[in-house]
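Chain by chain, the residues:
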Amino acid sequence: MLGISFGEILIIATIGLLVIGPKRLPETARFIGHLIGRVQRQVNSVKSDIRREMAMEDMKSIKEEYQEVGQNMRNVFDQAASGMSPAETLLNQESSKENTDTAITPPESPAATVDASSAPPPPDTPERQNP
């Protein structure tokens, strides 16, 4: 456990026998054994507390990451529902990350200013009927 060989234990026991005496040696050895057991339990308790705290910190960081991803997804869906294209949404997110002091929106591209009635429909949707 601590790298103590049998010879070293024998020397310690001999010195203990001479210093403490044969009558009190078993009682003292038992007390030392109980003391070592308490120390080991305390050390294991501290280790488990540290592991638990580290796990809680990991869970908190993971929770924050998921909340951030959820907020980003919510923003994308909200902006998509308001009629913005995914490219515009991404440009808005990137510009808001880079310039947190001021809200700068990217300039509109020429494709975004085209009239919706003259633009061709997306390939996966049926063509619109003009009234």
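Cut-offs used in this document
- Residues numbered from 1 in each chain as written.
- Predicted model: local features only at pLDDT ≥ 70, side-chain atom pairs only at ≥ 80, totals over all residues.
- Heavy atoms only, no water.
- Helix = DSSP H or I, 4+ residues; strand = E, 2+ residues; numbered from the N terminus.
- Buried < 20%, exposed > 50% of the residue type's maximum accessible area, 1.4 Å probe, protein only.
- Areas by Shrake-Rupley, 256 points an atom, 1.4 Å probe, with all protein chains shown as cover.
- pLDDT = per-residue confidence, 0-100.
- Salt bridge = Lys/Arg side-chain N within 4 Å of Asp/Glu carboxyl O.
- Patch = residues over 30% accessible without salt bridge, like charges linked within 9 Å, V, L, I, M, F, W, Y side chains within 5 Å.
- Expected span 1.5 Å × (residues − 1).

Novice: I'm lost on the overall build of the chain in this one. Help?
Specialist: Of the regular secondary structure elements, the chain holds 3 helices and 0 strands. For the chain, with 131 residues in total, the buried portion stands at 5%. Surface summary for the chain: the accessible area is close to 11,900 Å², and the carbon and sulfur share equals 62%.

Novice: Explain the environment of N92 to me, please; I cannot follow it from the model alone.
Specialist: As for its placement among the helices and strands, N92 is situated in helix α3 (residues 86-98). Note: C-alpha distance between N92 and Q79 (13 residues apart in sequence) is 9.9 Å.

Novice: Could you clarify how one ought to interpret the confidence of the model for the chain in this entry?
Specialist: Detailed reading of the predicted coordinates is not advisable wherever pLDDT is low. Summarising the model, the chain shows a mean pLDDT of 77, and 69% of its residues fall at 70 or more. Element-level pLDDT for the chain is lowest in α3, with a mean of 70, against a maximum mean of 90 in helix α2 (residues 25-81).

Novice: Looking at this structure, I do not really get the pattern of salt bridges. What am I missing?
Specialist: Pairing is possible between side chains of opposite charge, provided their charged atoms come close. Under the criterion given, the structure shown has 1 salt bridge. D49 is the salt-bridge partner of R52, the closest N and O atoms lying 3.2 Å from each other. Residue R52 and its partner D49 are located together in helix α2, separated by 3 residues, close to a single helical turn.

Novice: Sorry, what's going on with a nonpolar patch on the surface here?
Specialist: A surface patch of nonpolar side chains, about 520 Å² in accessible area, is lined by F31, I32, L35, I36, V39 and V43. Relative to the helices and strands, L35 resides in helix α2.

Novice: Would you mind going over α2 with me for this structure?
Specialist: Each full turn of the α-helix corresponds to 3.6 residues, which orients residues three or four apart in the same direction. Between the first and last C-alpha of α2 there are 83 Å, a value that for 57 residues agrees with the 84 Å anticipated at 1.5 Å per step. Downstream of α2 by a residue or two, G83 has a phi angle that is positive, lying close to 105°.

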